[in-house]
Amino acid sequence: MASSSSSSSCSSSSEKKITLKSSDGEALNVEKNVALEFEPAKGFLEDNSEEADDEAIVVPLPNVSAAVLSELIPYVKQRLELSAKPVQKKLIKAFDDQFTRHLSDDKLGELMLAANYLGVNYLLDVLCDVTADRIKNKSVEYVREFLGIQNDFTPEEEAELRAQCPWAFEGVDQD
Amino acid sequence: MAAAEPSLRRSWSSDLPIELLSEIFQKLTDCEDISQCAAVCLSWRSLIRTLYRQLTSLQSPFLLLSSSSSSSLALASASSNNDKKQCYSCTLFSTQTKNLHQIFLPQLKERWCSSSSDGWLLTIPFDRKKNPSLLNPFTRDQIKIPYLGTFCKPQDLRVVTSTSPLDPECVVLAIDGTNLYVCRPGDKTWTPVMMIHKCNYGGFNWGDTICYKGEFYADLAGQIFHLKFSRSGSVEAVSLPVSSTGPYGNNYFVELKGELLLVRVSQKYDVYRLDWHRKRWIEVRNIGPNAIFLGKHSSTSLCVSKFRDDFEENCIYFVTNTRDVVVHHLGTNNYKTLYHSSLFCKIPPNWLRVESAEFMGSKDEQIDYVAPWPIIEEHFVKLLHKVAKNGLLALTWEEMAWTSIEDNMFEEFGKRYTVSKLKSKYDHLCRLHHEFSKLLAHTGMAWDPKTNIVRAHEDVWESYIKKNPLAKQFQNKGCEYYHLLDETIAYIQSSQSYNTKIELKIRGVLDAANMYFDIEGGKQSIVKNKRRCSLNDLNNLCPSKRSKTPQISGNESERSPLFLEHASIEECIQILEAMDDLDDDVYVKACEKFTSIDWRRMFVAMSNGRKRKWLHSLK
């Protein structure tokens, strides 16, 4: 998807590499412009801007696992390349769709928390759309299971709901 | 679906910040999904409860079509799954998307439902032996209201609430034929509304009712009644002195952009707005980029511009006797049918509208000091002056006096300003007055009360404003009601005791207070000449400046001609009376004009011939 011309246009910044350290201790090398998309990393780099050698900087990201980071980094990188070009919104949407389509429910949740922590708002917006889509037209039971929510209504309330309204707990769409 | 550890699943959703969850709810475009989410867990329900006025899926009015058992027929066409026929649900028609939504509500078991205010449903048990309830179909909140005994047909019982029934301050009004009842959530019984001069209206059923700016109004045979809540807890329906709009018809009240509208539906639609000040209905031919939704149980209005092509502007959406919904354009008089009720539908459709956050916000707007509201202000100042003159603003009477001022303002302008807001308005006026007194005492400032302009050299102005930035407002125009305020404050201070000084201090008029009270002694020593205005004292304090500002100096006798209001109402009326060939109509019109000091000054200054020309132009 990334054309050679676009990668050369931002080569000056992308040559510089930054090391991100995940919650499970893994170190990942990323281009500086990608790292700058992450709010905590941006703040860290600004605070440590006097350090001459960027390579030496290790940015700790204690709330994000390496598995999630390795999903996020390619997405952000491609998204940056896409938005650098005067492309249509349709293309960006198609790219977002492609990225989110294969996500499992759990991965979706992890990515959402990570995107929230890292302040990647455009991804957060997409993920919220996907989540809303996945709970749309679904039963209460399904939504609870999907989001791992404990039902905290009192047994009386719950019994009433179940006895009088069993269909509310059946999937309206095929789950 | 990937099977994962339950513990892991629990972790991510519980970590989900509330803003993200709100974001997700915002993206749900279907009101059914909102209602389902409210059943997931307590925290989701409470989040939806706080959000639901902002949710995009609930912004437009719904048509409540049918409920519970009666819904099965209507649903057979809407839903492919016939197994759901026996469920308890209500069916909503979205006027925006033109889709049908079925909301499952176990609370509707063996109950009728109709719409109430603000998106709530009124549910009435079939056997009528249990209490009716108010039910919010979106948040699934339910509030019991007192048992109503035997009443008219359930579909004729109407309930209007002053705000969300979850608010403990909420007042619920039930309309049952010829009777009105009120209660608050949690009450055990209803309080009947008393009627004054009932005999004239015996036999008439109550027409439409509305809660407008926190007050209830009801229509009875074309006359508008206001419900007055007394401190003892009783409620009276008082006829408002507003002339009726003509022959009795189907009247509907609706609030549009903060104004109270009355729509009379006969062969055509006549829209009127209430002019509170002049106490009459004024015909409105065009309602602009808005739509009005009229129904027996609740009516609402909407600004169309936010919805692009989903609604038509300058239109009335009306539920007809045949239970269809027609859209009537006020400009072209064309109409079309929005929704055809099925023949099997026994209950007429009704509007269900969640009031949007903006609307709720605009309901208790603050008194705006900046906006030019000269009529209201003038009335307020004169009222204060009158009350103070009678010595009613003394400490012991103060609360009662303020309540009566508040009542008077309400009667005059149809808006509850509340005592605290009026007091703060008064404080603001006191500060203005104080600021202006200070300004007048300054060297080189000359105020002409006739034109209400302060003349001074530019340098004087500049240096004065630098020191007193608040004085900037007087650069173009002086203190409008300076003399009236001056007297009012003098009256109040003369009738109040030394103790009040603390209060005056809080109100920022300590300087003025000091002039009337002996600071040294704790006793109630009031300066002998209590009617002297503070200005004179200021001048006494700075005698050196006195000679330079002759316009504002002097003792009582010198002052009186100056402070006797030029172009006073009395003077103008005298001139009017002298013109013996004047129409009564013109006379009344002129009197209306004379409530403004500007018109009075112009009138007095005119030559006699011009005066007549001007009077005739008022016709």
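Nothing here was measured: the structure is a model prediction, and the numbers come from that model. (Residues numbered from 1 in each chain as written. Chains lettered and ligands numbered in written order. Predicted model: local features only at pLDDT ≥ 70, side-chain atom pairs only at ≥ 80, totals over all residues. Heavy atoms only, no water.)

1. Focus: the overall build of chain B
Convention followed: The helix and strand labels rest on DSSP assignments: H or I over at least four residues marks a helix, E over at least two residues marks a strand, and numbering proceeds from the N terminus. Classification of residues uses two cut-offs on accessible area relative to the type maximum, computed with a 1.4 Å probe and protein chains only: under 20% is buried, over 50% is exposed, and between them is partly exposed. Note on definitions: a residue-residue contact is assigned when non-hydrogen atoms from the two residues lie within 4.5 Å. Surface accessibility in these figures is a Shrake-Rupley result with a 1.4 Å probe; residues are shielded only by whichever protein chains are displayed.
Counting its secondary structure elements, chain B contains 20 helices and 27 strands. Among the 619 residues that make up chain B, the fraction classed as buried is 51%. Here the analysis covers contacts within chain B between residues at least 6 apart in sequence; of these, 53% occur between residues at least 24 apart. Per element, the accessible surface of chain B, about 30000 Å² overall, is 52% carbon and sulfur.

2. Quick notes on the packing of aromatic side chains
Residue and element names in this part refer to chain B. Put simply, the rule is: Only centres within 6.5 Å qualify two rings of Phe, Tyr or Trp (six-membered ring in Trp) as a pair; their planes then separate them into stacked at under 30 degrees, edge-to-face at over 60, and tilted for everything else.
According to the stated counting rule, one finds 27 aromatic pairs over all chains in the structure shown. Between F293 and F311, the ring centres sit 5.8 Å apart and the planes meet at 85°, which makes this aromatic pair edge-to-face. Taken together, the residues F293 in strand β20 (residues 290-294) and F311 in the loop between β21 (300-303) and β22 (315-319) connect sequence positions 18 residues apart. Given the relative accessible area of 4%, F311 is considered buried.

3. Brief notes about the pairing of strand β1 (residues 17-21) of chain A
Residues and elements named next belong to chain A. Let me state the cut-off plainly: DSSP calls a pair of strands paired once it identifies at least 2 bridges connecting them.
With five bridges connecting them, β1 and strand β2 (residues 27-31) associate as antiparallel partners. Directly across from K21, in β2, lies its bridge partner A27. From the end of β1 to the start of β2, which pair antiparallel, there are five residues, and G25 there has a positive phi angle of about 85°. Inspection of the sheet shows β1 paired to strand β3 (residues 58-60) by three bridges, in the parallel sense. Residue pairing in the sheet places K21 in a bridge with P60 of β3.

4. Section: the sheet that holds β3(A)
Sheet strands associate in pairs through backbone hydrogen bonding, adopting either a parallel or an antiparallel arrangement. Residue and element names in this part refer to chain A. The test is simple: As a rule, the C-alpha atoms of each element are fitted with a line to give its axis, helices using only the stretch in contact, and angles between N-to-C directions run from 0 to 180 degrees.
What the three strands build is an open sheet, ordered β2-β1-β3; its pairing is mixed. Every interior strand has two partners, whereas the edge strands, β2 and β3, have only one. Direction aside, neighbouring strands of the sheet carry axes that sit 35° apart on average. Relative to the sheet, helix α5 (residues 66-84) contacts β1 and β2, its axis offset from that of β2 by approximately 5°.

5. Let's talk about the sheet that holds strand β10 (residues 179-183) of chain B
All names here are of chain B. What the eight strands build is an open sheet, ordered β8-β9-β10-β11-β15-β14-β13-β12; its pairing is mixed. The sheet terminates laterally at β8 (158-161) and β12 (206-212), the two strands that pair on one side only. For this sheet the average axis-to-axis angle between neighbouring strands, irrespective of direction, equals 30°. Examined bridge by bridge, strand β14 (residues 223-229) and strand β15 (residues 235-239) share five bridges and lie antiparallel to one another. Looking at β15, one finds that H226 is bridged to V238.

Shape is all these values report; function is a separate question.
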